[in-house]
Amino acid sequence: MTVHLEVAEGVGTLRLDRPPMNALDVATQDRIRELAEEATRRDDVRAVVLYGGEKVFAAGADIKEMQGMDHTAMVVRSRALQDSFTAVARIPKPVVAAVTGYALGGGCELALCADYRIAAENAKLGQPEILLGLIPGAGGTQRLARLIGPSRAKDLIFTGRMVKAEEALSLGLVDRVVPAEEVYAEARAWAARLAQGPAIALRAAKEAVDMGLETDIETGLALERNWFAGLFATEDRERGMRSFVEEGPGKAKFV
């Protein structure tokens, strides 16, 4: 298999494993969707790390495979491609991308599906599809613009240029930059901390932010209001408030 889901202590690592560059061929795309859906279902997965290994996150689509596709084939395949990445974006749990080496094209688009991105100092990210006479097709034109703003997204998409980790940080494309040997450990620590949090409240927070960005402010506030009130029916809310009153903030143990 070219993608694996490894679970330990509440953290699921969705690991790309297609050496040497983790090219995202059709089989890998489909496997990403399958494992994202599995991570969504499994109660023992409370947070997820996206990881491509020590040397590279993912250098993009399998161009040789794609070259053999005509318009009809891609009309069918493009929806499946987007659905694979959307399955990752819709995991209702905290998701962090641990980005090492190249995250280009589909690799960058996969990282965009995470809630948080930790990059190695040697990471390079970009959307080089324009250099092939194409545009991003796995969500890049939409998620990148929402993340860093339309003009910055257009610069990267129009030119196809790669950005190094520090520029990616300044653009808001990644959230932290650390030495390469620390990327996975830092990402796993981020996920592990949230894996101990209130699962339903985290799910509510993620859905409220993500869905709120897709609608007007009044609808977004209604979504927030309904989730906020609904969480008063959970045991975690009772535990959290009781712990705050009796022990002070930050000491609650959630179920």
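Because the structure is a prediction, the values reported are computed rather than measured. All residue numbers here refer to positions counted from 1 along the written sequence of the relevant chain. With pLDDT at 70 or above as the cut-off, local features in this predicted model cover only qualifying residues; side-chain atom pairs require 80 or more to be listed or tallied, and sums for whole chains, interfaces and linings still use all residues. By convention in this description, side-chain values take in all heavy atoms of the structure and omit both hydrogens and water.

1. Re the overall build of the protein chain
Each helix corresponds to a stretch of at least 4 residues labelled H or I by DSSP, and each strand to a stretch of at least 2 residues labelled E; elements are numbered beginning at the N terminus. Across its full length, the protein chain holds 11 helices and 9 strands. For 255 residues, the compact-globule formula gives about 18 Å, and the C-alpha radius of gyration of the protein chain, at 19 Å, lands near that figure. Projecting the C-alpha coordinates of the protein chain onto the three principal axes gives extents of approximately 60 × 40 × 35 Å. Residue burial is assigned from relative accessible area. The probe radius is 1.4 Å, only protein chains are included, and a residue is buried under 20% of its type maximum, exposed over 50%, and partly exposed in between. Among the 255 residues that make up the protein chain, the fraction classed as buried is 44%. Contacts: residue pairs with any heavy atoms within 4.5 Å of one another. The long-range fraction of contacts in the protein chain, counting pairs at least 24 apart against all pairs at least 6 apart in sequence, stands at 69%. Of the roughly 13,400 Å² that the protein chain leaves accessible, carbon and sulfur atoms contribute 56%. Restricting the calculation to C-alpha atoms gives the radius of gyration, and the globule rule supplies 2.2 Å times the number of residues raised to the power 0.38. For every accessible area listed, the method is Shrake-Rupley and the probe measures 1.4 Å; residues are considered covered only by the protein chains on display.

2. Some points on the side chain of threonine 13
Tracing the backbone shows threonine 13 in strand β2 (residues 11–16). Taking the relative accessible area as the measure of exposure, threonine 13 reaches 3% and is therefore buried. Any pair of nitrogen or oxygen atoms within 3.5 Å is treated as a polar contact; in protein, a donor-acceptor pairing is required on top of that, and neighbouring residues in sequence qualify only through side-chain atoms on both sides. Here tyrosine 184 takes part through its side chain, which lies 2.6 Å from a polar atom of the side chain of threonine 13.

3. Describing the pattern of salt bridges
Whenever Lys or Arg places a side-chain nitrogen within 4 Å of a carboxyl oxygen from Asp or Glu, that contact is recorded as a salt bridge. Scanning all chains against the criterion turns up 15 salt bridges. Note that arginine 42 and aspartate 44 form a salt bridge whose closest N and O atoms lie 2.8 Å from each other. Taking the relative accessible area as the measure of exposure, arginine 42 reaches 27% and is therefore partly exposed. Lysine 206 is paired through a salt bridge with aspartate 115; the nearest N and O atoms lie 3.0 Å apart. Of the two residues, lysine 206 is situated in helix α9 (residues 199–212) and aspartate 115 in the loop between α4 (106–112) and β6 (116–120); the sequence distance between them amounts to 91 residues. The class for lysine 206 is buried, based on a relative accessible area of 10%.

4. Thoughts on unusual backbone geometry
Along the chain, proline 19 connects to proline 20 via a cis peptide bond; the corresponding omega equals 0°. Locating proline 20 in the fold gives a position in the loop between β2 and α1 (26–41). Here glutamate 9, not a glycine, exhibits a phi torsion of approximately 55°, which is positive. On the secondary structure map, glutamate 9 appears in the loop between β1 (3–8) and β2. Of note in this structure, asparagine 22 is not a glycine but carries a positive phi near 55°. With relative accessibility at 4%, the residue asparagine 22 sits in the buried group.

5. Focus on the sheet that holds strand β3 (residues 47–51)
Strand order in the open sheet formed by 6 strands is β1-β2-β3-β4-β6-β9, with mixed pairing between adjacent strands. The outermost strands of the open sheet, each flanked by one partner alone, are β1 and β9 (176–178). Within the sheet, the average angular offset between the axes of one strand and its neighbour, ignoring direction, is 20°. Any two strands with at least two DSSP bridges between them are considered paired. For β3 and strand β4 (residues 95–99), the ladder comprises 4 bridges, and the chain directions are parallel. Paired with valine 48 across the two strands is valine 95, which belongs to β4. Axis definition: a line fitted to C-alpha atoms, limited for helices to the stretch in contact. Angles are taken between N-to-C directions and run from 0 to 180 degrees.

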